[in-house]
Amino acid sequence: MKGSGRRAGDTVFSFLSVGSGLLIFVTLALVAIFLIVQSWPAISASRELGGGKDSVSLVEFAGPLLFGTVFAAVLALLMAVPVAVGIALFISHYAPRRLASVLGYAIDLLAAVPSVVYGLWGALWLVPMLEPFFHILNDYFAWIPLFGGEVSSPMRNLAAASVVLAVMILPIITAVSREVFLQTPRLQEEAALALGATRWEMIRAVVLPFGTSGVVSASMLGLGRALGETMAILMILSAGKSYSFHILETGKHQTIAANIAAHFGESVGVDLSRLIFTGLVLFVITFAINALARAVVARGVRV
């Protein structure tokens, strides 16, 4: 029997594992440092820090973009989560095994479709298809702030962009929720059914409480993708910068990622730094959302 010293293979594996983990933190730190350094000229020249009347206010510049980004992502999340949870429950507890397998493959395939394809689909097919429905909302429900305002064709508005975002994040939320629901302890499900509960009562009493943290974390992951989506928004949304809650009006909203993609090629100097500053804002928001998702998952595991 050899001594208690560690074998060379164990040492190398431990070094590679620790190094790989640290590489993630180093990369994250480098990205943050890059964004701060590159956006500093815009920050130092801003009206908030420089104080000059002729300076550009970063709050006025980035505020509407941040509003449009968060607004579109939240709308997409509100549309996608109920549908995703319903699909996940159908696959995990209602569908026959063969049908569930086919649906699972279809969901995974939707997640692999490039965003530019969703953008083409939304701009050329979905927007014309939704226009009659949007007109009905504006004609009969304009008293609701979301559906008020003046509408015009083509309706490349925040509502259409949010529908496309909802379709894009639907596979992520569905896939994660499905796996969480499948992890529900079988004994608890059988115990609920043995006590006389129907299948829906069993799902409501056992499956949904068990999978709540997983659904929340899946929603946060979907929200993170919706916040950072670029090409689909750029191809669908008619850009504007305002704090408007009228989602059917065109030329009122824009997102950070789409604005960067639209103006990056022609921007230099301080203008480029302002775009990078909005990227820094998006980086912080996305990081906070993912941290929140991790906290929810950890709390669910402890419970």
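Definitions and limits used
Residues numbered from 1 in each chain as written. Predicted model: local features only at pLDDT ≥ 70, side-chain atom pairs only at ≥ 80, totals over all residues. Heavy atoms only, no water. Patch = residues over 30% accessible without salt bridge, like charges linked within 9 Å, V, L, I, M, F, W, Y side chains within 5 Å. Areas by Shrake-Rupley, 256 points an atom, 1.4 Å probe, with all protein chains shown as cover. Salt bridge = Lys/Arg side-chain N within 4 Å of Asp/Glu carboxyl O. Helix = DSSP H or I, 4+ residues; strand = E, 2+ residues; numbered from the N terminus. 1 Å grid on protein atoms, 1.4 Å probe; cavity = no way out; pocket = protein on both sides within 12 Å on 5 of 7 lines; lining within 4 Å. Points joined across faces, edges and corners; volume = space filled by probe spheres on them. Nonpolar A, V, L, I, M, F, W, Y, C, P; charged D, E, K, R; others polar. Buried < 20%, exposed > 50% of the residue type's maximum accessible area, 1.4 Å probe, protein only. Contact = heavy atoms within 4.5 Å. Phe/Tyr/Trp six-rings, centres within 6.5 Å; stacked < 30°, edge-to-face > 60°. Axes fitted to C-alpha atoms, helices over the stretch in contact; angles between N-to-C directions. Parallel < 35°, antiparallel > 145°, perpendicular 65-115°, else oblique. Left-handed = near helix turned anticlockwise from the far one by under 90°. Core = buried A, V, L, I, M, F, W, Y, C linked by side-chain atoms within 4.5 Å. Expected span 1.5 Å × (residues − 1). Bend = angle between axes of the 7 residues up to and from the residue.

(A) Summary view of a nonpolar patch on the surface. On the surface, Val116, Val117, Leu120, Leu124, Met231 and Leu234 cluster together to form a nonpolar patch covering roughly 490 Å² of accessible area. At the level of elements, helix H5 (115-140) and helix H9 (231-236) are the ones that each hand at least two residues to the nonpolar patch. With respect to the helices and strands, the residue Val117 is situated in helix H5.

(B) View of the layout of surface pockets. Roughly 220 Å³ of internal volume is contained in the second largest pocket. Looking at the lining of the second largest pocket, the elements that each hand over two or more residues are helix H3 (58-94), helix H6 (158-182), helix H7 (186-194) and helix H8 (199-228). It is H7 that provides the largest number of residues to the lining of the second largest pocket, a total of four residues. Here the residues of the lining of the second largest pocket sort into four nonpolar, three polar and four charged.

(C) Expanded view of the environment of Leu193. Along the polypeptide, Leu193 turns up in helix H7. For Leu193, a relative accessible area of 41% corresponds to the partly exposed category. Separated by 10 residues in the primary sequence, Leu193 and Gln183 place their C-alpha atoms 17 Å from one another. In contact with Leu193, other than residues within four places in its own chain, are Thr198, Arg199 and Met202.

(D) Representation of the packing of aromatic side chains in the model. Overall, the coordinates contain seven aromatic pairs when judged by the stated rule. Ring geometry for Trp121 against Trp125: centres 6.0 Å apart, planes inclined by 20°, an arrangement best described as stacked. One end of the pair is Trp121 and the other is Trp125, both in helix H5 and four residues apart, which spans about a single turn. Classification of Trp125 by relative accessible area gives partly exposed; the value is 44%.

(E) Spotlight on the packing of H6 against H8. Orientation of H6 relative to H8, taken along the N-to-C sense of each, is 150°, at an axis distance of 8 Å. Between H6 and H8, the interaxial angle falls into the category roughly antiparallel. Considering the relative orientation of H6 and H8, their crossing is right-handed. Residues Leu165, Met168, Ile169, Ile172, Ile173, Val176, Ser177, Val180 and Phe181 of H6 lie in contact with H8, whose contacting residues are Val207, Leu208, Phe210, Gly211, Gly214, Val215, Ala218, Ser219, Leu221, Gly222, Arg225 and Ala226. Grouping the amino acids of the contact of H6 with H8 by side-chain chemistry returns 15 nonpolar, five polar and one charged.

(F) Geometry of the nonpolar core. Core analysis: the largest hydrophobic core is formed by 58 residues, its most contacted members being Phe134, Ile173 and Ile247. Residue assignment for this core shows that the elements contributing at least two residues are H3, H5, H6, H8, H9, helix H10 (256-263) and helix H11 (269-302). Apart from residues lying up to four places away in sequence, Phe134 is in contact with Met155, Asn157, Ala159, Ala160 and Leu248. The next biggest cluster of nonpolar side chains, apart from the first, holds five residues, and it includes Ala42, Leu58, Ala62 and Phe277.

(G) View of empty space enclosed by the protein. Tallied over the full model, the rule gives one cavity of 30 Å³ or more. Reported here for the largest cavity is a volume of approximately 30 Å³. Lining of the largest cavity is provided by Thr69, Ala72, Leu165, Ala226, Leu227, Glu229, Ile233 and Thr255. For the lining of the largest cavity, the elements supplying multiple residues, two or more each, are H3 and H8. Its residues assigned to classes, the lining of the largest cavity shows five nonpolar, two polar and one charged.

(H) Examining H3 more closely. Here H3 contains 37 residues, and its C-alpha end-to-end distance of 51 Å stays within 8% of the 54 Å for a straight helix at 1.5 Å per residue. Its maximal kink placed at Ala80, H3 deviates by approximately 30°, while the proline Pro82 follows within four residues.

(I) Representation of the pattern of salt bridges in the model. As enumerated under the stated definition, the model contains four salt bridges in all. Salt-bridge contacts for Arg186 lead to Glu189; the nearest nitrogen and oxygen are separated by 3.0 Å. Residue Arg186 and its partner Glu189 are located together in helix H7, separated by three residues, close to a single helical turn. Notably, a salt bridge pairs Asp271 with Arg274, separated by 2.6 Å at the nearest N-O pair. Remark: Arg274 and Asp271 occur in helix H11; sequence separation between them is three residues, near one turn of the helix. Since its relative accessible area comes to 43%, Asp271 is described here as partly exposed. Residue classification places Arg274 among the buried positions, given a relative accessible area of 13%. Within the structure, one salt-bridge network assembled from shared partners comprises Asp108, Arg178 and Glu179.

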